[in-house]
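Residue-level structural notes
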Amino acid sequence: MASAEGDMTRQGFTATQALEQMVASEDEGPEEDVSEEEDGEEYDPEHDDDAVDDEEAPDVADAAADDDRPGDRRADGEIYLSKNGKIAWSSVPCRARQGSPPQGRHETVAGPTAQAAAGACDIASAFSLFITPRVEAIVLEATNREGSRRHGDAWRGMDAVDLRAYAGLLILAGVYRSRGEAAASLWDAESGRPIFRATMPLKVFYAYSSLLRFDDRETRPARRAVDKLAAVRELWDEWSARLPSLYNPGPDVTVDEQLVPFRGRCPFRQYMPSKPARYGIKAWVCCDARSSYAWKMQVYTGKTRDGPERNLGARVVFDLTEGLPRDHTVTCDNFFTSYELAQRLLADRGLALVGTVRKNKPELPPALLATKTRRVLSSAFAFTPIATLVSYLARRNRNVLLLSTLHADARLSDRADRKPALILDYNRNKGGVDNLDKVIGTYSCRRMTARWPLAVFHNILDVSSYNAFVIWREVHPDWMPGKRNKRRVFLERLGKALVRPLIERRVTLPRTEASAAVVRAAREEALCGTPPDDVARSGRPGAESARSGSARAGQPSQQEEEVSDVPVQEGPQDAHGVRPV
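Residues numbered from 1 in each chain as written. Predicted model: local features only at pLDDT ≥ 70, side-chain atom pairs only at ≥ 80, totals over all residues. Heavy atoms only, no water.

Digging into the overall build of the chain
To be explicit about the condition: Going along the chain from the N terminus, every DSSP run of H or I of four or more residues is numbered as a helix, and every run of E of two or more is numbered as a strand. In what follows, residue pairs with any heavy atoms lying within 4.5 Å of each other are defined as contacts. Shrake-Rupley sampling with a 1.4 Å probe provides the accessible areas, and residues are treated as covered by the protein chains on show and by no other component.
Scanning the chain for helices and strands turns up 21 helices and 15 strands. Within the chain, contacts between residues separated by at least 24 positions form 69% of all contacts whose residues are at least 6 apart in sequence. Carbon and sulfur atoms form 49% of the exposed surface of the chain, whose accessible area is close to 26,300 Å².

Here you go:
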C-alpha cells in the first residue's frame, strides 16, 4: 500500500483518478486492530511547556502555503490514502465551507423546557423536578421492605418527609464541606451544626443510611444474572429519563466519562489513573457544553460475557445523542472519535462531530502522522467530502490530530501559536463534563459507604441538585445578581427547605438550646405563613410552605427528646432507636 501511494503521488494523479484506481484495485491490506482500552495522549493548551522563539516559528503565510502539507502541491491537490486504503484524503477542501451554525438555525430554544420553567416556582420544587414522587416511591418501597424484614413490627416506616429530610441533611453536609467528617461530629452538641440535631437523631440517620434500598433483594439474583445494575436499575431508569425532558441543550454538547469515587466491592468498578479518585463507578455523560447540564447519563457496567465490547465509544455516543435535535455539534475526546462515527452521526442524525483522534486509527493517512520534517506550530490539513482532519505540531516531534465534520477549510487563527480554528472550537467545548465533575465535587453529598448502590444514589442527588441549580438560574436570571457564590447559597437553601417539614413535625424540642431555637423558628414561620427566602425574592407564589404545613398533617412525630444524641421515645425500641408503629 505504501508503494501504491508513492506511485500515485509521483505520477500526480488527481482526486478522481486516484479514486478510480482504488475502486479498480482488489488488493486491500488488513485493517489495523484498534484497542478501545488504549489511552492516547491529548494536547492540553494550558500546559504547553515548550516556548517557541519568533525566528523559529513560521509566519502565517508559510504555515498555510509551503511546508505544512506533505507532498508536492498541485492545483487539483494531493491525495493521501488512509492506512487501510479505504479513504482518500485530499490536501484541498472538497466542499464549500460549512462554518458554525448561524443564529436561529435550531428549532428549539436552548435552556429549560416549558415544563421545567413552570415547575421551578421555588428552589425545592426545582429539585423535585428530578427527584419526583415516583422516584421517592421506588426508594420508600424498597427501604420499608428492608426495614420490615430486618426489624419486623418495630419498624415504623419511612415516609416522603423522612426521605426528603435525609436527602436534605446529605446536601447540607456537602455545603458545609463535611464529606469526610464523621456524622457524629455533625450532631455534636458543642461543635456540631444545630440543624442536624433539630432534624432527626443521629441514630435515626444511621438507621436510614443502613436500610436505604432501591430494589427487592429477594428477586435481585434473577435480575442480576442479566443486568449488573439490577440493584438500582429501576431507580436509575426512572431518574435518567427525566434529564432530557427538562432542558434543551445549546448548539454544542460534550460527551465524556465521569468517575464516581468508590473503593468497595462492585462487579463493574473501574480503575482510571488519570482521574483524582482513580477507583470508582464509570458513567458516560452527555452534557450541554455551556452550562454543563447533565442531559443524558449511562452507567458503564464493564465487559459483557462475550468479552470487551467492540466499538464501545461509537455505541456510547450514539446512545447519548439519541433524541438530540439536528444541527448540534458533539465534542468528544479520542476514546470516542472515529471516521465511521462521524460519518454515521452526520448521515443518520444530522449531527456534527469534533474530537481528537488516536494515531493508531486505520482511517488516518500516514502523511499526516509524520512530524520529523515539519516546523513547530505548523498545521497540516486533509479533507474528504464530509470531514476535515488537522495535524497540529504543538511541540517538536509531537502532534495532535483532530477530526471535524463541522469545519471545511484550513483556516488558522491570528494567535501567536497559530492554532487552527478547529482546535480552538474543540478547546472551547471539550470541558463540559469535566466542569460538571468539578462543580459537583466542590459541594458533593457523598458519604463513606461500602455499598455501591448508595454511592450511585449519592451521585444522583449531586447531579439533580446541580441540574436544578442550572434551571433555577436560567428561569430566574435576576436571582442574587452580582453574587459569586450562588450555587452554595442555592444548595444551602435547598437543604433547609427539604428538612423543614420534618422539623415542623417534631412534637418535642431537642435538649440543646441552639437546635431548639431552630425548631421554634420553623414552627413560627409555619404558623405565620412566611415563605422561604427563594420564593420571597423571586416574587412567585410559594408551594413549599403549603406542602410543609399540610402534606403530613396528622402524622406521628419521628423524633423525641435527645439525651447524648440518643432519642428518648415512648414504647420499646430496637438497637437503632427506631420505635414501633
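We are not done yet, so read on.
Brief notes about the confidence of the model for the chain
Quick reminder of the rule: One confidence number per residue, pLDDT, is output by the predictor and ranges from 0 to 100.
Looking at the chain as a whole, its pLDDT mean stands at 80, while 76% of the residues score no less than 70. In this model residues 97–104 is a low-confidence stretch, pLDDT under 50, and it forms 12 contacts with partners more than four residues away in sequence or in other chains. In the model, residues 535–581 has pLDDT below 50 throughout and makes 115 contacts with residues more than four positions away in sequence or in other chains.

A closer look at helix α17 (residues 452–475)
Quick reminder of the rule: To estimate how far a helix should extend, the number of its residues minus one is multiplied by 1.5 Å. Exposed residues in this analysis have more than 50% of their type's maximum accessible area, buried residues have under 20%, and partly exposed residues fall in between, with area computed by a 1.4 Å probe over protein chains only.
End to end, α17 covers 35 Å across 24 residues, agreeing with the expected 34 Å (1.5 Å per residue, within 8%). In terms of burial, α17 is largely enclosed, as 21 of its 24 residues are buried.

Things to note about the packing of aromatic side chains
The criterion, for reference: Between 30 and 60 degrees the pair is tilted, below 30 it is stacked and above 60 it is edge-to-face, where a pair is any two Phe, Tyr or Trp rings, Trp via its six-membered ring, whose centres lie within 6.5 Å. Put simply, a charge is over a ring when the Lys NZ or the Arg CZ is close to the ring centre, within 6 Å, and near the line of the ring normal, within 35 degrees.
Summed over all chains, the structure comprises 22 aromatic pairs. Here the aromatic cluster, defined as three or more aromatic residues joined through ring pairs, consists of W155, Y166, Y176, W187, F196, F205 and Y208. The ring of Y176 is capped by R193, whose NZ or CZ atom sits 3.9 Å from the centre of that ring. Stacked on the ring of F318, the Lys or Arg R344 has its end atom at 4.0 Å from the ring centre.

Quick look at the packing of helix α7 (residues 160–175) against helix α10 (residues 202–211)
Rules: Every axis in this analysis is a line fitted to C-alpha atoms, fitted for helices over the stretch in contact. Angles between the N-to-C directions lie between 0 and 180 degrees. Each angle receives one of four descriptions, namely roughly parallel if under 35 degrees, roughly antiparallel if over 145, roughly perpendicular if within 65 to 115, and oblique otherwise. Gly is placed with the polar residues, together with every amino acid not listed as nonpolar (Ala, Val, Leu, Ile, Met, Phe, Trp, Tyr, Cys and Pro) or charged (Asp, Glu, Lys and Arg).
Relative orientation of the contacting elements α7 and α10 amounts to 100 degrees, with a least axis distance of 11 Å. When the axes of α7 and α10 are compared, the pair comes out roughly perpendicular. Residues D162, Y166, L169 and L170 of α7 form the contact with α10, whose own contacting residues are F205, Y208 and S209. Class assignment of the residues belonging to the contact of α7 with α10 gives a composition of 5 nonpolar, 1 polar and 1 charged.

Considering unusual backbone geometry
Look at R278: it is not a glycine, yet its phi comes out positive at around 70 degrees. With respect to the element layout, R278 can be found in the loop between β6 (270–271) and β7 (279–288). Here R278 falls in the partly exposed class, since its relative accessible area comes to 38%. Notably, D327 is not glycine yet its phi reads approximately 70 degrees, a positive angle.

Some words on the side chain of K296
Note the threshold: Under the convention used here, Asp and Glu are negative, Lys and Arg are positive, and both His and the chain ends fall outside the count. A carboxyl oxygen of Asp or Glu within 4 Å of a side-chain nitrogen of Lys or Arg is what we treat as a salt bridge. Here a polar contact is taken to be a pair of N or O atoms separated by no more than 3.5 Å, where protein atoms must pair a possible hydrogen donor with a possible acceptor and residues adjacent in sequence count only if both atoms sit in side chains.
Relative to the elements of secondary structure, K296 occurs in strand β8 (residues 294–299). Despite its burial, K296 pairs with no opposite charge; the closest candidate is E322, at 4.7 Å N-O. Among the polar contacts listed, one links the side chain of K296 to the backbone oxygen of E322, at a separation of 2.5 Å. Not counting the four nearest positions on each side in its chain, K296 is found in contact with P244, W284, V285, C286, D319, L320 and E322.

As for helix α19 (residues 513–528)
The criterion, for reference: It is the directions from the helix axis to the C-beta atoms whose arc is reported.
Given a rise of 1.5 Å per residue, 16 residues ought to cover 22 Å, and the 22 Å separating the end C-alpha atoms of α19 matches this to within 8%. By the burial criterion, the buried members of α19 are S515, A516, V519 and A522. Looking straight down α19, one finds its buried side chains confined to an arc of 125 degrees; they lie on one side. Residues of α19 that are exposed and angled more than 90 degrees away from the buried face: E513, E524 and C528. Buried residues along α19 sit against α9 (194–199) and α18 (486–504). Positive backbone phi, at 70 degrees, marks G529, one or two positions downstream of α19.

Side note on the pairing of β7
What counts is decided by this rule: At least two DSSP bridges between two strands are required for those strands to pair.
The buried count for β7 comes to 9 of 10 residues, which makes it a mostly enclosed element. Sheet analysis places strand β5 (residues 252–261) next to β7, joined by 9 bridges and oriented antiparallel. What sits directly across from T254, in β7, is C287. As paired elements, β6 and β7 share 2 bridges and run antiparallel to each other. Residue pairing for β7: Q270 is matched across the bridge by G280. In this structure, the hairpin formed by β7 and β8 is closed by a connection of 5 residues, where S292 is found at a positive phi of approximately 65 degrees.

A few points about the pattern of salt bridges
Applying the stated criterion across every chain, the model contains 27 salt bridges. Here R213 ties to E146 by a salt bridge, and the two come within 3.8 Å at their closest N and O atoms. On the criterion of sequence distance, the pair formed by R213 in the loop between α10 and α11 (220–224) and E146 in helix α6 (residues 133–151) is long-range, its members being 67 residues apart. Of the residues examined, R213 reaches a relative accessible area of 13% and is grouped as buried. A cluster of three or more residues bridged by salt bridges with shared partners is formed by E146, R149, R150, R213 and R217.

Topic: the pairing of strand β9 (residues 329–332)
Defined as follows: Consider the strands pointing away from the viewer: the crossover is right-handed when the path from the first strand over the helix to the second runs clockwise.
Side chains T329 and T331 of β9 all project onto a buried face; the interleaved residues V330 and C332 project onto the opposite face, where all are buried too. Here β5 pairs with β9 via 3 bridges, running parallel. Residue pairing across strands places D252 opposite T329, the latter belonging to β9. Of the pairings in the sheet, the one linking β9 to strand β10 (residues 352–356) comprises 4 bridges and is parallel in character. Bridging across to β10, C332 finds its partner in G355. One crossover worth recording links β9 to the parallel β10 by way of helix α14 (residues 339–349), and it is right-handed.

A short note on the state of the cysteines
We count it as follows: Note on terminology: pairs of cysteine sulfur atoms within 2.5 Å are recorded as disulfides.
What the rule picks out here adds up to 0 disulfides. As a non-bridged cysteine, C287 has C286 as the owner of its nearest cysteine sulfur, 6.9 Å distant. Residue C287 is classed as buried on the basis of its relative accessible area, which comes to 0%.

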